[in-house]
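Examination of the molecular architecture
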Amino acid sequence: MADILHIWLCANFASEAQTICQKSGFEDIQLHTFPARCGRPPLTQEEIEPHEPTDTSKDTLVLGSCCLAELSNEQQKEHTSLLQHDQCFYLCCNPSIVDHLQRQGAYLLTPGWLQNWRLHLQEWGFGQQQARVFFNKTIAKLFLLDTGILPDSTAQNLSALATYIDRPAEQLPVGLDYLEMLLNTHIQSWRQQKALAIHHEQQRQAADYAMALDLTSRLSKSGSEVEIIESIIELFTTLFAPQHITYIPFQDDRPGKIRGMGHDNTREADLRNAIPDFNGSAFADQGNNFWLQLRRPQSLLGVIEIRDMQFPQYRQHYLNLSLTIVDICSLAIANARIRQQLTDIARLAGKAEVATEILHNVGNILNSVNISVEQATAMVQNNIAADFADIVALLQQHSSNLDHFLHTDPRGSKIMPYFNAVSDHLATEKQKLLTELTLLSKNIGHIKAIVRLQQLHAVDHDIYEQLYLQEVIDEALAIHASQFKACHITISKEYADMGTIRTSRHKILQILINLLSNAIDALDQTNSRTKIITLALRPTENGHVQIDIGDNGCGIAPEFLKKIFTYGFYSKAANLGIGLHSAANMSKVLKGSLTASSKGIDQGATFSLNLPVEEKS
């Protein structure tokens, strides 16, 4: 049965607490009320005991104010806690507000008290005249801390009480938030204590299992579930020397493939039907044979049948020993299944991350590829030679007198100048197309290199060469050249003469392409008319070389700076994605580092790639 927290509080707050519990769906909470004791002697242990649960091991929380004064002085039961406030009003409203209103001469009320105001005045011995004299001398006005419970009747009761004692009245809609926060705080604290107790119990059990596992080292050394099952069969065979031992695994309450020693495959169906009802026990006795159930909470893992033991005189000893180690066997199988699940998840997660990085890096290049294709397509569609078909048809019509047509006919005389213009235009268009196709070829080659690098990474191979970083930076800029032009971005370069370093061209390119793509996106999100990307190459104090890529774009919020290189982190405001995680990983492979800095939103950002100059060891 799940643990239950019993909360006791004054009947004046019962409706509010019940509403909160129903709203929040507290299935592990039971509410109870004790009679309101406003203006009367505080409750005693003898008065509260008849209302307490008969099971004293259940956790109990009692909330109240002066009504609990007597209880706070008594020895409390082990599972009972008191939460005593200076005033009842602190249960539903911030104490500073309560204190302020009372200093202003307000007489505070709650809907629960107000519902029975006539009874309360009667208990105080007040008639109407006495009540008016008392309240006129002691308070400035009535002030209802309105929790929103029974709003119609509460308003009527407040008006009736104000008329009865001849005092002004006012309502403050405090709602249920404060009481809800108070209850949630203590409920969550109780839950954390229970969770901590469970955790400690699990740690204690783990210690017991560790000691037992030390005695069954052969079992603990097994890895997969199949290996553990084989070890279990070998262990029970060694201990009990049975003629037949059979293990039937269960997954989601369905029996699996039967394994064992000395069992007949032809009786597998009969064996499954012969599994006894364990009635909550790990052991089922069948004369010279017995069954053991391997399970974890809420999950049946398998059953073992042991038949025809060679030394039945030691049967009781065998039973006791088997019950001692059956939990260890269950734990080993459960752990093997968890390990297999984690291995499967890790393998899928690794594949997903690699695929995501490949797609992201290829996607960056494809943006430039798409722009190159669009520009080449536009050149072809708008080609001045589109009218050639009409000119050829016109020449064919005058093929018999072509010389006369070209020199004397007004239409023919325009053909040669048109051909000259077309020739010049085609030469220009050819050069433009060759430029775009060259860039397109480089981009496609880089896509191939990205895929090849991922394949080489699986066997830890890569190509390192002596490179001028200025050339690699310019190559990355060329890949994005069409996007810079389309987005009206100005490129500023500040290169120090660094000589060559030995590194991987394509890894550097992937990092720079990712950083440039992020810079373009950051500039796309700003309204600045001047969009600038600055690239700097310089030495560092520790003898390394550093590439800085800065922009005057949307910037990065301070709270995101420590998260932007995390896998899967994405901030639309900063326009950061999986590419930064991939770039940071590649910088570590190159024995370097990748860092980011920004003064904040709309203040731009700078990414710095730091690389060692010495050769890769």
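This report concerns the structure included in the present document. Keep in mind the model is a prediction, meaning the values are calculated, not measured. (Residues numbered from 1 in each chain as written. Predicted model: local features only at pLDDT ≥ 70, side-chain atom pairs only at ≥ 80, totals over all residues. Heavy atoms only, no water.)

Thoughts on the packing of helix α7 (residues 128-138) against helix α8 (residues 151-165)
Where we set the bar: Lines fitted to the C-alpha atoms define the axes, with helices restricted to the stretch that makes contact. Angles between their N-to-C directions range from 0 to 180 degrees. Runs of H or I in DSSP of at least four residues are treated as helices and runs of E of at least two as strands, each being numbered from the N terminus. An angle below 35 degrees is read as roughly parallel, one above 145 as roughly antiparallel, one from 65 to 115 as roughly perpendicular, and any other as oblique. Here, two residues are considered to be in contact whenever any of their heavy atoms come within 4.5 Å of each other. Residue polarity is assigned by list, with Asp, Glu, Lys and Arg as charged and Ala, Val, Leu, Ile, Met, Phe, Trp, Tyr, Cys and Pro as nonpolar; anything else, Gly included, falls into the polar class.
For the pair α7 and α8, interaxial distance at closest approach is 8 Å and the crossing angle is 90 degrees. Looking at the two axes, α7 sits roughly perpendicular to α8. On the side of α7, the interface is formed by Q128, A131, R132, F135 and N136, while α8 contributes T163, Y164 and I165. Per-class residue counts for the contact of α7 with α8 are four nonpolar, three polar and one charged.

Here's the deal with the sheet that holds strand β6 (residues 141-146)
Our working rule: DSSP calls a pair of strands paired once it identifies at least 2 bridges connecting them.
Strand order across the open sheet formed by three strands is β5-β6-β7, with parallel pairing between neighbours. Lying at the two open borders of the sheet, with one neighbouring strand each, are β5 (106-109) and β7 (169-173). Taking the axes of each pair of neighbouring strands and ignoring which way they run, one obtains an average angle of 25 degrees across the sheet. With five bridges connecting them, β6 and β7 associate as parallel partners. Bridged to L145 within β7 is L172. Contacting β5, β6 and β7, α8 runs over the sheet at an angle of about 165 degrees to β6.

Let's talk about the sheet that holds strand β17 (residues 531-539)
Pairing in this open sheet of five strands is mixed, and the strands run β15-β17-β18-β20-β19 from one edge to the other. Taken across any chain shown, the strands that pair with only one partner, and hence form the sheet edges, are β15 (489-495) and β19 (593-597). Along the sheet, successive strands turn relative to each other by an average axial angle of 15 degrees, direction set aside. Looking at chain direction, β17 and strand β18 (residues 545-551) are connected through seven bridges and run antiparallel.

Concerning the side chain of R337
Among the structural elements, R337 can be located in helix α13 (residues 315-381). Among all residues touching R337, those that are not within four sequence positions of it are E225, P249, F250, Q251 and L301.

A few points about α8
Selection rule: A helix's residues, less one, multiplied by 1.5 Å, set its expected span. The rule is simple: take the accessible area with a 1.4 Å probe, protein chains only, and divide by the maximum for that residue type; under 20% is buried, over 50% is exposed, in between is partly exposed. This arc is built from the directions going out from the helix axis to the C-beta atoms.
Relative to the 21 Å expected for 15 residues at 1.5 Å per residue, α8 spans 21 Å between its end C-alpha atoms, a close match to the ideal helical length. Along α8, the residues that are buried comprise T154, N157, L158, L161, A162, Y164 and I165. Considered in projection along α8, the buried side chains sweep an arc of 160 degrees and stay on one side of the axis. Facing away from the buried side of α8 by over 90 degrees, the exposed positions are D152, Q156 and T163. Close packing links the buried residues of α8 with β5, α5 (111-114), α6 (117-124), α7, β6 and β7.

Some remarks on the side chain of Q470
Residue placement: Q470 occurs in helix α17 (residues 469-479). Take Q470: its relative accessible area is 15%, and that puts it in the buried class. The contacts of Q470, once residues within four sequence positions are left out, are Y495, A496, D497, M498, G499 and L537.

Some remarks on the packing of aromatic side chains
Inclusion rule: Between the rings of Phe, Tyr and Trp (Trp by its six-membered ring), a pair exists once the centres lie within 6.5 Å; its type follows the angle of the planes, with under 30 degrees stacked, over 60 edge-to-face, and the other angles tilted.
Considering all chains together, one arrives at seven aromatic pairs under this definition. Between F126 and F134 the ring centres are 5.1 Å apart and the planes differ by 45 degrees, which places this aromatic pair in the tilted class. By relative accessible area, F134 is classed as partly exposed at 35%. Note on F134 and F135: the rings are 5.1 Å apart at their centroids and 80 degrees apart in plane angle, and the pair reads as edge-to-face. Given the relative accessible area of 2%, F135 is considered buried. Pairwise contacts between aromatic rings join Y107, W113, W124, F126, F134 and F135 into one cluster.

Examining the packing of α6 against α8
Across the interface, α6 lies against α8 with an axial gap of 10 Å and an inter-helix angle of 35 degrees. Counting all contacts with α6, which are made through W117, R118 and L121, the residues of α8 involved are N157, A160, L161 and Y164. Counted by class, the contact of α6 with α8 contains five nonpolar, one polar and one charged residues.

Here's the deal with the layout of surface pockets
Once rolled over the atoms, a probe with the size of a water molecule shows which space is left empty. Keep this limit in mind: Lining residues are defined by having an atom within 4 Å of a point belonging to a cavity or pocket. Those points lie on a 1 Å grid over the protein atoms alone, cavities being sets where a 1.4 Å probe fits but cannot get out and pockets being open sets with protein on both sides within 12 Å along at least five of seven lines. Grid points are joined across faces, edges and corners, and a volume is the space filled by probe spheres set on the points.
In this structure, the largest pocket encloses a volume near 430 Å³. If you trace the largest pocket, you find 23 residues lining it, with C38, C88, F89, Y107 and W113 closest to the centre. Broken down by element, the residue count for the lining of the largest pocket peaks at three residues, all from β5. Here the lining of the largest pocket is composed, by residue class, of 15 nonpolar, six polar and two charged.

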